[in-house]
Amino acid sequence: MPESASVFGLLKGPILASHDRMVIQTKVVIPSQQAVLAGGCGVTCARRILVVDDDRDTRELYAFCLRLAGVDAVVVGDGHTALREARATPPDAVITDLRLPGIDGIELSERLAREGTHVPIILVTGDSSMTIRDRAKAAGIQEVVLKPCLPDELVARLARLAG
C-alpha cells in the first residue's frame, strides 16, 4: 500500500483507494528526542518558544508545528510586543522574522541581550546578504535561516541549539 506524506513530513499514512474515492488515513509522526538529536535532549528542552512574525499565517504555521513537537509556542506579530512578552515571561528560545513592524528581528535580539535575556535565537529572512549575517552574528543570533523555510527545519535547528 503506498504511503502519503504532508509537505512538512509530519503526517503520514496509507492511501486506501476504492472505485469512487481515495481516502488517506493519517497519523501524526513526531520523532523521539533521540531521533531529533541523538544523545541530546531534543526540542522538548526548550519548553517555551516565542515566535515573532508579522505574517499571521507564517507564525501560526510555525507555532502549530512546534506544538506538535511538544513545545509551548507563543506567537506575536511585531518586535515591541515580542519584547513585552519576553519581559513578562522569558522564553527558552526565539524564532523571529527579520523585517517586523517597529523594531526588526536583529534589534529585538540586541535588546533582549541588553536586558539580560540570553536565549537561542533563530532569525528567518529572505535576505541572504553578508551584511545581514554579520549584523545577526554581532547581535548574538545563533542561526540565520533563509526563506522559504519549512517548519520542520526550524524544529530541527531548535533541537540542535537546545543540545
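Anything mentioned here points back to the structure above.
What you see as residue numbers is a count from 1 along each chain, following the sequence as written. Thresholds applied to this predicted model are a pLDDT of at least 70 for local features of residues and 80 or more for the giving and counting of side-chain atom pairs; totals over whole chains, interfaces and linings are not thresholded and use all residues. With hydrogens and water stripped out, all remaining heavy atoms of the structure feed into the side-chain values.

Note on conventions: DSSP H or I runs of at least 4 residues are helices, E runs of at least 2 residues are strands, and numbering of each starts at the N terminus. For the chain, the count of helices and strands is six helices and nine strands. Burial here depends on accessible area, computed with a 1.4 Å probe over protein chains only, as a share of the maximum for the residue type. Under 20% is buried, over 50% is exposed, and the range in between is partly exposed. Counting across all 163 residues of the chain, residues that qualify as buried make up 39%. When checking whether two residues touch, look at their non-hydrogen atoms; a contact exists if any pair is within 4.5 Å. Within the chain, contacts between residues separated by at least 24 positions form 55% of all contacts whose residues are at least 6 apart in sequence. We get accessible surface area from the Shrake-Rupley algorithm with a probe of 1.4 Å; when it comes to residues, only the shown protein chains can shield them. Counting only carbon and sulfur atoms, one obtains 53% of the accessible surface of the chain, whose full area is about 8700 Å².

The next thing to look at is the environment of Gly-105. Tracing the backbone shows Gly-105 in helix H4 (residues 105–114). With relative accessibility at 0%, the residue Gly-105 sits in the buried group. Residues Gly-105 and Thr-125, 20 residues apart in the sequence, show an inter-C-alpha distance of 9.3 Å.

Take a negative patch on the surface next. By definition, no residue in a patch forms a salt bridge, and every one has over 30% relative accessible area; like charges are joined within 9 Å, nonpolar side chains (Val, Leu, Ile, Met, Phe, Trp, Tyr) within 5 Å. Any carboxyl oxygen of Asp or Glu that lies within 4 Å of a side-chain nitrogen of Lys or Arg is treated as forming a salt bridge with it. The sign given to each residue is positive for Lys and Arg and negative for Asp and Glu; His and the chain ends receive no count. The atoms used to mark charge sites are NZ of Lys, CZ of Arg, CG of Asp and CD of Glu. Taken together, Asp-54, Asp-55, Asp-57 and Glu-60 make up a surface patch of like negative charges. Structurally, Asp-55 is set in the loop between strand S5 (48–52) and helix H2 (56–68).

Strand direction decides the pairing type here: S5 and strand S6 (residues 72–76), joined by five bridges, are parallel. In the strand pairing of S6, Arg-48 is matched with Asp-72. Crossover handedness is defined by viewing with both strands directed away from the observer: a clockwise path from the first strand over the helix to the second marks the crossover as right-handed. Between S5 and its parallel partner S6, the chain crosses via H2, and the hand of that crossover is right-handed. Two strands are counted as paired when DSSP detects at least two bridges linking them.

The next point concerns the packing of helix H3 (residues 79–88) against H4. Simply put, an axis is a line fit to the C-alpha atoms, just over the touching stretch for a helix, and the angle between two N-to-C directions goes from 0 to 180 degrees. Where H3 meets H4, the closest approach of the two axes is 10 Å, and the angle between their N-to-C directions is 25°. For the element pair H3 / H4, the angle class is roughly parallel. Viewed along their axes, H3 and H4 form a crossing whose handedness is right-handed. Note on element contacts: H4 touches H3 through Leu-108, Arg-111 and Leu-112, opposite Gly-79, His-80, Ala-82, Leu-83 and Ala-86. Looking at the contact of H3 with H4 residue by residue, the classes come out as five nonpolar, two polar and one charged. Small angles under 35 degrees read as roughly parallel and large ones over 145 as roughly antiparallel, with 65 to 115 read as roughly perpendicular and the rest as oblique. By the definition used in this description, the sense in which the near helix is turned from the far one sets the handedness, with an anticlockwise turn below a right angle giving left-handed and a clockwise turn giving right-handed. Classes in brief: Ala, Val, Leu, Ile, Met, Phe, Trp, Tyr, Cys and Pro nonpolar; Asp, Glu, Lys and Arg charged; the others, Gly included, polar.

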